[in-house]
Amino acid sequence: MSIIRPYGDTTGDGMVQVSFTLPIKHSKVADGAALQLANKMGMEPAMVVHSKPMGDDFTFFVVYGQVNHLVDTDKVQVVERDFPLLTPKEANAVIKETLRRPLVVVGACIGTDAHTVGIDAILNIKGFAGEKGLEYYKEIEVVNLGAQVSVPALVEAAVTHRADAVLVSQVVTQRDAHLLNTREMSAAFREAYPAGERPLLIAGGPRFDESMTAELGVDRIFGRGTTPAEVASYLVHRTTAKEPAA
């Protein structure tokens with residue numbers, strides 16, 4: 001079945017729950033404003049099941065209601081994994097046999113972003129979701145520059161360490177900072193490296209659209225829930241397949 005509807009209390013009833021904040025003091029008028037917005041979003045009937053003041057002039061809402069929209073899963077477009085998922089042992093073996101040297105990865109949070117949870121989950125040996133990070137891989141050399149790294153400093157580190165791949169994590173998204181920073185980063189690497197010789201450029205973070213690689217000038221985007229094994233497998237796939245960076 002390719003046509004589906006939301007499920008709340010019974011199959012296909014179209015019930016959904018959404019949350020949002022409005023710049024209005026918590027009151028009955030605020031609840032009414034939330035319902036008006038829900039109706040304009042296509043939720044009808046709708047009810048405010050939770051509202052709470054967020055400071056003096058803001059209110060947070062949870063609204064539950066019915067929508068009539070249908071979803072056609074045959075028309076959903078996503079970026080599927082197009083490389084085999086390897087264990088650390090398998091990844092190490094391929095790198096050792098093919099590159100015959102360590103695969104060098106430089107990672108950082110660029111710009112003013114100080115949120116290292118994402119990049120550390122991928123790079124640090126403790127890893128994420130029960131998987132060891134890239135530092136655990138014997139044939140991968142990891143250079144973790146940490147937070148608030150400038151783009152020039154990132155390029156310099158990549159050149160110094162002769163990086164095969166550069167991973168940047170972006171959590172801060174106000175005013176599309178993650179997109180602006182990533183574009184700046186990709187432009188700087190293209191300026192610093194001759195055509196076909198730059199390292200792989202990989203961006204990651206919870207608010208990225210994985211289909212925007214060409215628009216942002218990177219080779220791959222990883223979204224929320226990405227595990228170290230996925231990143232390691234992609235790196236092995238690209239660096240040992242003799243495919244030049246785009």
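Residues numbered from 1 in each chain as written. Predicted model: local features only at pLDDT ≥ 70, side-chain atom pairs only at ≥ 80, totals over all residues. Heavy atoms only, no water.

Under the annotation held in an unreviewed UniProt entry, the protein chain carries the name L-beta-lysine 5,6-aminomutase beta subunit and is attributed to Nocardioides luteus.

Novice: What's the story with unusual backbone geometry in this structure? I'm lost.
Specialist: For residues that are not glycine, phi is negative in most cases, and the peptide bond is trans in most cases. Between Glu 44 and the following residue, Pro 45, the backbone shows a cis peptide bond with an omega angle of 0°. As for its placement among the helices and strands, Pro 45 is situated in the loop between helix 1 (28-40) and strand 3 (46-53). At Arg 100, a position not held by glycine, the phi torsion is positive, near 60°. Here Arg 100 lies in the loop between helix 2 (88-98) and strand 6 (103-109). Classification of Arg 100 as exposed rests on a relative accessible area of 72%. Residue Arg 162 is not a glycine yet carries a positive backbone phi of 55°. Given a relative accessible area of 71%, Arg 162 falls into the exposed group. (Helix = DSSP H or I, 4+ residues; strand = E, 2+ residues; numbered from the N terminus. Buried < 20%, exposed > 50% of the residue type's maximum accessible area, 1.4 Å probe, protein only.)

Novice: Just to check I follow, could you spell out the packing of aromatic side chains for this structure?
Specialist: Both the distance between ring centres and the angle between the ring planes are used here to describe each pair of aromatic rings. Enumeration over the complete set of coordinates arrives at five aromatic pairs. Between Phe 222 and Tyr 234, the aromatic rings sit 5.9 Å apart at their centres with planes inclined by 80°, giving edge-to-face as the arrangement. Residue Phe 222 is found in strand 10 (residues 220-222), and its partner Tyr 234 is found in helix 7 (residues 228-240); the two are separated by 12 residues along the sequence. The burial state of Phe 222 is the same as that of Tyr 234; both residues are buried. Through pairs of rings, three or more aromatic residues link up here, namely Phe 83, Phe 222 and Tyr 234. (Phe/Tyr/Trp six-rings, centres within 6.5 Å; stacked < 30°, edge-to-face > 60°.)

Novice: Whenever I open this one, the pattern of salt bridges confuses me. Can you help?
Specialist: Two side chains with opposite charge may pair up if their charged atoms get near one another. Enumeration according to the criterion identifies four salt bridges in this entry. Among the salt bridges present, the one from Arg 220 reaches Asp 82, with a minimum N-O distance of 3.2 Å. Taken as a pair, Arg 220 in strand 10 and Asp 82 in the loop between strand 5 (71-72) and helix 2 lie far apart in primary sequence, 138 residues in all. Since its relative accessible area comes to 54%, Asp 82 is described here as exposed. (Salt bridge = Lys/Arg side-chain N within 4 Å of Asp/Glu carboxyl O.)

Novice: What am I meant to see in the pairing of strand 9 (residues 200-204) here?
Specialist: Each regular strand displays side chains that alternate between the two surfaces of the sheet. Within strand 9, five of the five residues are buried, leaving the element largely enclosed by the surrounding structure. In strand 9, alternate side chains face the same way, and those of Leu 200, Ile 202 and Gly 204 on one face and Leu 201 and Ala 203 on the other are all buried. Note that strand 8 (residues 165-169) and strand 9 share five bridges and pair parallel. Residue pairing across strands places Ser 169 opposite Gly 204, the latter belonging to strand 9. For the crossover from strand 8 across helix 5 (residues 177-192) to strand 9, the handedness is right-handed. (Pairing = 2+ DSSP bridges. Right-handed = clockwise from strand over helix to strand, strands pointing away.)

Novice: It is not clear to me how the environment of Asp 164 should be interpreted in this structure. Could you clarify?
Specialist: As for its position among the elements, Asp 164 is in the loop between helix 4 (151-161) and strand 8. Residue classification places Asp 164 among the buried positions, given a relative accessible area of 15%. Expressed as a C-alpha distance, the spacing of Asp 164 and Leu 235, which sit 71 residues apart in the sequence, is 8.6 Å. Those residues in contact with Asp 164 that sit more than four places away from it in its chain are Arg 101, Pro 102, Leu 103, Val 104, Pro 199, Leu 200 and Thr 239. (Contact = heavy atoms within 4.5 Å.)

Novice: Even after reading the chapter, I still don't get the environment of Asp 57, so can you show me in this structure?
Specialist: As for its position among the elements, Asp 57 is in the loop between strand 3 and strand 4 (59-66). Along the chain, Asp 57 and Ala 34 lie 23 residues apart, while their C-alpha atoms are 14 Å from each other. Every residue in contact with Asp 57, bar those within four places of it in the chain, is listed here: Leu 22, Pro 23, Ile 24 and Lys 25.

Novice: Which parts of the structure should I look at to understand a nonpolar patch on the surface?
Specialist: Taken together, the side chains of Ile 4, Val 71, Val 76 and Val 78 make up a nonpolar region of the molecular surface, amounting to roughly 330 Å² of accessible area. As for its placement among the helices and strands, Ile 4 is situated in strand 1 (residues 3-4). When its relative accessible area of 39% is taken as the criterion, Ile 4 is described as partly exposed. (Patch = residues over 30% accessible without salt bridge, like charges linked within 9 Å, V, L, I, M, F, W, Y side chains within 5 Å. Areas by Shrake-Rupley, 256 points an atom, 1.4 Å probe, with all protein chains shown as cover.)

Novice: What exactly am I supposed to notice about the sheet that holds strand 3 here?
Specialist: Strand pairing within a sheet occurs via backbone hydrogen bonds; the two strands may be parallel or antiparallel. With antiparallel pairing, the three strands of this open sheet are ordered in space as 2-4-3. Both outer strands of the open sheet, strand 2 (15-22) and strand 3, are each paired with one neighbouring strand and no more. Taken pair by pair, the neighbouring strands of this sheet meet at an average axis angle of 15°, ignoring direction. Strand direction decides the pairing type here: strand 2 and strand 4, joined by eight bridges, are antiparallel. What sits directly across from Leu 22, in strand 4, is Thr 59. Packing of helix 1 onto the sheet brings it into contact with strand 2, strand 3 and strand 4, and relative to strand 3 it is tilted by some 135°. (Axes fitted to C-alpha atoms, helices over the stretch in contact; angles between N-to-C directions.)

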